[in-house]
Amino acid sequence: MYYYRYENAEVSCCYKYLMFSYNIIFWLAGVAFIAVGFWAWSEKGVLSDLTQVTRLHGFDPVWLVLVVGGVTFILGFAGCVGALRENICLLKFFSGVIGLIFFLELTAAVLAVVFQGQVREWINDFFLQNIRAYRDDIDLQNLIDSLQRMNHCCGAQDPVDWDLNVYFSCNESHRSREKCGVPFSCCLTDPADSVVNTQCGYDVRTKPKREWNDSIYTKGCITALEDWLPGNLYTVAIVFIVISLLQMVGIYLARTLITDIEKVKFSH
């Protein structure tokens, strides 16, 4: 007696729901980023007057939040629906975009190492541009203040860079109270102080430069970043490796699921 065994190819439930779970986190993160971005714009009144977006001469951090949120939302949606509906097109779109992002990250890292001088100059120009626009946007202001406070720095190269800002400039033609000063985030802080003195930087640059060390940070933020990187190279490398591994896991799950779906289709 002969027995015939018929094997029907099936899509692996394990990979299918792993892919769904992996992407639901992407989708929820995208929703959160977009919500935060629109909330920030609503607080600044941008949603009631969209022309405010074009008035900012510096970098608006909300744009970065919205772009990251939008890309993450689309990828998460494509991955979730592609896994549940076993849609090859959506899964290929997901794995292709993740692969492209990984390639761009790798390319940017290599170019940053090869062209260090040009990258340093670009970052310096970018920082100076945003010093000029410091008072134009509250989110940009908070970002620069956080950067200076955390890194104990002031300006791009030194505190003199704040002369580029119309409010802090030593120009004789205006009467700003902040004239010849620096933002409070440049000031040396005392851990015992419970209240931030936002006027601590007033008139600092009217004093001789040798006295600046007594009240403000004199190291530029570009120099502070260069000093920070060598000591934290392993941390940066670990973060990059973890992000890369997560991306590789997503691509692997998507490609495996695509292979299973194609097997099922061919078997029928």
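What counts and how
- Residues numbered from 1 in each chain as written.
- Predicted model: local features only at pLDDT ≥ 70, side-chain atom pairs only at ≥ 80, totals over all residues.
- Heavy atoms only, no water.
- Helix = DSSP H or I, 4+ residues; strand = E, 2+ residues; numbered from the N terminus.
- Contact = heavy atoms within 4.5 Å.
- Areas by Shrake-Rupley, 256 points an atom, 1.4 Å probe, with all protein chains shown as cover.
- UniProt positions renumbered as here; feature names shortened; annotations may be inferred.
- Patch = residues over 30% accessible without salt bridge, like charges linked within 9 Å, V, L, I, M, F, W, Y side chains within 5 Å.
- Salt bridge = Lys/Arg side-chain N within 4 Å of Asp/Glu carboxyl O.
- Core = buried A, V, L, I, M, F, W, Y, C linked by side-chain atoms within 4.5 Å.
- Buried < 20%, exposed > 50% of the residue type's maximum accessible area, 1.4 Å probe, protein only.
- Axes fitted to C-alpha atoms, helices over the stretch in contact; angles between N-to-C directions.
- Parallel < 35°, antiparallel > 145°, perpendicular 65-115°, else oblique.
- Left-handed = near helix turned anticlockwise from the far one by under 90°.
- Nonpolar A, V, L, I, M, F, W, Y, C, P; charged D, E, K, R; others polar.
- Phe/Tyr/Trp six-rings, centres within 6.5 Å; stacked < 30°, edge-to-face > 60°.
- Disulfide = S-S within 2.5 Å.

A. Focus on the overall build of the chain. Secondary structure summary: the chain contains 8 helices and 0 strands in total. Moving toward the C terminus, one meets the helices and strands of the chain in the order α-α-α-α-α-α-α-α. A fraction of 71% describes how many contacts in the chain between residues 6 or more apart in sequence connect residues 24 or more apart. When the accessible surface of the chain is totalled, it reaches about 17000 Å², and 64% of it is carbon and sulfur.

B. Structural detail: the UniProt feature "transmembrane region" (unreviewed entry) in the chain. Listed under "transmembrane region" (unreviewed entry) in the UniProt record, and renumbered for this structure, are residues 20-41, 61-81, 93-115 and 233-254. In the segment residues 20-41, helix accounts for 100% and strand for 0%; the C-alpha atoms at its two ends are 31 Å apart. Its end C-alpha atoms 32 Å apart, residues 233-254 is made of 100% helix and 0% strand.

C. Structural detail: a nonpolar patch on the surface. A cluster of nonpolar side chains, namely Leu106, Val110, Leu111, Val113, Val114, Phe115, Val119, Phe240, Ile241 and Leu245, defines an oily patch on the protein surface of about 850 Å² accessible area. Mapped by element, the contributors of at least two residues to the nonpolar patch are helix 4 (88-114) and helix 8 (233-267). Ranked by residues supplied to the nonpolar patch, first place goes to helix 4 with 5 residues. Looking at the secondary structure, you find Val119 in helix 5 (residues 116-132).

D. Representation of the nonpolar core within the structure. Residues Cys154, Trp162, Val182, Cys186 and Ile216 are the most contacted members of the largest nonpolar core, which totals 22 residues. Contributing elements (two or more residues each) for this core: helix 5, helix 6 (138-151) and helix 7 (221-231). Look past the residues within four positions of Cys186 in its chain and what remains in contact with it is Gln148, Cys153, Cys154, Trp162, Ser215, Ile216 and Tyr217. Counting 14 residues, the second-largest nonpolar core is a separate cluster that includes Met19, Phe94, Ala254 and Leu257.

E. Quick peek at the packing of helix 1 (residues 13-44) against helix 4. Two elements in contact, helix 1 and helix 4, have axes separated by 14 Å at closest approach and are oriented at 60°. One element, helix 1, and the other, helix 4, form an angle in the oblique class. Crossing of helix 1 against helix 4: the hand is left-handed. Between helix 1 and helix 4, the contacting residues are Met19, Tyr22, Asn23 and Phe26 on the first element and Leu91, Phe94 and Ile98 on the second. In terms of residue class, the contact of helix 1 with helix 4 is built from 6 nonpolar, 1 polar and no charged.

F. Expanded view of the pattern of salt bridges. According to the stated counting rule, one finds 6 salt bridges in the structure shown. Of the charged contacts, one joins Arg205 and Asp163 as a salt bridge, the two residues approaching to 3.4 Å between their closest N and O atoms. Note that Arg205 is positioned in the loop between helix 6 and helix 7 and Asp163 in the loop between helix 6 and helix 7, a separation of 42 residues in sequence. By relative accessible area, which is 10% here, Arg205 ends up buried.

G. The packing of aromatic side chains, seen in detail. Applying the stated criterion across every chain, the model contains 12 aromatic pairs. Considering the side-chain rings of Trp41 and Trp63, the 5.2 Å spacing of their centres and the 85° angle between planes classify their relative orientation as edge-to-face. Note that Trp41 is positioned in helix 1 and Trp63 in helix 3 (residues 61-84), a separation of 22 residues in sequence. Taken together, the aromatic side chains of Tyr22, Phe26 and Phe94 make up a single cluster linked through ring pairs.

H. Geometry of the state of the cysteines. Applying the stated criterion across every chain, the model contains 4 disulfides. Between the sulfur atoms of Cys154 and its disulfide mate Cys186 the distance is 2.1 Å. With the S-S dihedral at roughly 85°, the linkage between Cys154 and Cys186 falls on the right-handed side. Of this pair, Cys154 sits in the loop between helix 6 and helix 7 while Cys186 sits in the loop between helix 6 and helix 7, and the two are 32 residues apart along the sequence. Cys186 shares its class with Cys154; the two are buried. Sulfur-sulfur distance for the disulfide between Cys187 and Cys200 comes to 2.1 Å.

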